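# Structural overview
This is what each chain is made of:
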Amino acid sequence: MTDLAGKHGLVVGVANKRSLSWAIAQAAGQAGARLAVTYQGERLEENVRKLADQLQSPLVLPCDVTDDAQIAAVFEAIDREFGGLDFVVHGAAFAPQGELLNPFVETSREGFRTALEVSAYSLIALARQARPLMERRGGGSIVTLTYLGSIRVLPNYNVMGVAKAALEAGVRYLASDLGPSNIRVNAISAGPVKTLAAAGIPGLSGFLQAYRERAPLRRGIDAAEVADTAMYLIGPAGRGMTGEVLFVDAGYHVMGV
Ligand code: NAD
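Residues numbered from 1 in each chain as written. Predicted model: local features only at pLDDT ≥ 70, side-chain atom pairs only at ≥ 80, totals over all residues. Heavy atoms only, no water.

### Let's talk about the overall build of the chain
A tally of regular secondary structure across the chain gives nine helices and seven strands. The C-alpha radius of gyration of the chain comes to 17 Å, within 12% of the 18 Å expected for a compact globule of 257 residues. Taken along its principal axes, the extent of the C-alpha atoms in the chain is 50 × 40 × 35 Å. In the chain, buried positions account for 53% of the 257 residues. Pairs at least 24 residues apart make up 74% of the contacts formed inside the chain by residues separated by at least 6 positions. Of the accessible surface of the chain, which amounts to about 11,800 Å², a share of 52% is contributed by carbon and sulfur atoms. Taking the average location of the 24 positive side-chain charges in the chain and that of its 25 negative ones, the two points are 5 Å from each other. (Helix = DSSP H or I, 4+ residues; strand = E, 2+ residues; numbered from the N terminus. Rg over C-alpha atoms; globule rule 2.2 N^0.38 Å. Buried < 20%, exposed > 50% of the residue type's maximum accessible area, 1.4 Å probe, protein only. Contact = heavy atoms within 4.5 Å. Areas by Shrake-Rupley, 256 points an atom, 1.4 Å probe, with all protein chains shown as cover. Lys, Arg positive; Asp, Glu negative; His and termini not counted. Charge placed at Lys NZ, Arg CZ, Asp CG, Glu CD.)

### Notes on the site of the ligand
Looking at the ligand, there are 27 residues lining it, with S19, L20, Q40, V193 and T195 nearest. Within the side chain of Q40, an N or O atom sits 2.8 Å from an oxygen atom of the ligand. Between the ligand and the protein, one listed contact pairs an oxygen atom with a side-chain N or O atom of T195 at 2.5 Å. Coverage of the ligand by the protein amounts to 93% of the 810 Å² it exposes when considered alone. When contributions to the shell around the ligand are tallied by element, the ones reaching two or more residues are β5 (140–146) and α7 (196–199). Top element by residues in the shell around the ligand is α7. It accounts for three residues. Of the residues contributing to the shell around the ligand, the split by class is 18 nonpolar, seven polar and two charged. (Near = heavy atom within 4 Å. Polar contact = N/O pair within 3.5 Å; in protein donor to acceptor, adjacent residues only side chain to side chain. Nonpolar A, V, L, I, M, F, W, Y, C, P; charged D, E, K, R; others polar.)

### Comments concerning the side chain of S141
Note on placement: S141 falls in strand β5. A distance of 3.0 Å separates a polar side-chain atom of S141 from the backbone oxygen of L233. Contact partners of S141, with chain neighbours within four places excluded, come to D86, F87, V88, M134, R184, L233 and I234.

### Considering the side chain of T195
Along the polypeptide, T195 turns up in the loop between β6 (183–190) and α7. Other than its neighbours up to four places away in sequence, T195 contacts R18, S19 and L20.

### Digging into a positive patch on the surface
Positive charge collects at one region of the surface, where K17, R18, K194 and R212 lie side by side. In this fold, R212 is placed in helix α8 (residues 204–214). A relative accessible area of 44% places R212 in the partly exposed class. (Patch = residues over 30% accessible without salt bridge, like charges linked within 9 Å, V, L, I, M, F, W, Y side chains within 5 Å. Salt bridge = Lys/Arg side-chain N within 4 Å of Asp/Glu carboxyl O.)

### A few points about the pattern of salt bridges
Evaluated as defined, the whole model comprises eight salt bridges. For E45, the salt bridge identified is with R49, shortest N-O distance 2.8 Å. Residue E45 and its partner R49 are located together in helix α2 (residues 42–52), separated by four residues, close to a single helical turn. Judged by relative accessible area, E45 falls into the partly exposed class, the value being 22%. As a salt-bridge pair, E110 and R113 come within 2.8 Å of each other at their nearest N and O atoms. Here E110 pairs with R113, and both are found in helix α5 (residues 109–135), just three residues apart, close to one helical turn. You can call E110 partly exposed: its relative accessible area is 47%.

### A few points about the pairing of strand β2 (residues 34–39)
The element β2 is largely enclosed, with a buried count of five among its six residues. Relative to β2, strand β1 (residues 8–12) is paired through four bridges, and the arrangement is parallel. Bridge pairing in β2 places L10 opposite A36. Taken together, β1, helix α1 (residues 20–30) and β2 form a β-α-β motif whose crossover is right-handed. By the bridge criterion, four bridges tie β2 to strand β3 (residues 59–62) in an arrangement that is parallel. Among the inter-strand pairings, Y39 is bridged to a residue of β3, identified as P62. Taken together, β2, α2 and β3 constitute a β-α-β crossover, and its handedness is right-handed. (Pairing = 2+ DSSP bridges. Right-handed = clockwise from strand over helix to strand, strands pointing away.)

Rendered as structure tokens:
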């Protein structure tokens, strides 16, 4: 098991107990890390506080990733409380529902801007703020979550696919910028899991069925499998990897049809 004793991490993207970011937070907490966990807006605060009660002395902070002041406040609190940072888990994504219902060609300028800002730009904003705190620790690891819709067309995934393509390109550019500071940046491309965000994608049950029928492992995946891979990327075992997209999808992405 990965040992994260004495390490400090930031986890962005917990909405409820099904969130992939929550599975990663739990695994990191069990591995001994102390965590800052953020919530998006008051609507989610109570949920996230209740979950965070299961962690050791967590920092629970508001963070809407479209708000630079909130992002800055998160890192000020981390600086004050932790004095440095070893890892960031980025699991924030959003596209307006209409963009997932209409044909992709109807994508609006506003919907495109929102999806790309929340789901891709936010990684850059967080990485920039994390950098000095990680440099103080001699390096760090940043992990984000992506989906196959970045490189293949999936029904209704639409502008989220474009946002994930931007996110994955961002991973590579950030890896190049931050590598000299021994900060690694990687993505996990997860198979579909029933979460709040996934429930917003029309036809999700069809996706899940396709994985059960056609993935090499003939099944879907669960959040704990994503969390195990995140522990690998955060911990010492992943020290030689950066700029990578690792698939945790029962092998689905290798299939032609
Ligand atoms: P989720 O709904 O639990 O998590 C999405 C999170 O994004 C929520 O916590 C939400 O609060 C946050 N978010 C949205 N807008 C935000 C904003 N403006 N500021 C801050 N946070 C904001 O769903 P999830 O499936 O756990 O999603 C986590 C990540 O995993 C996403 O990037 C998603 O695209 C990715 N992913 C999910 C699946 C899946 O099938 N569930 C598969 C591959 C990748």
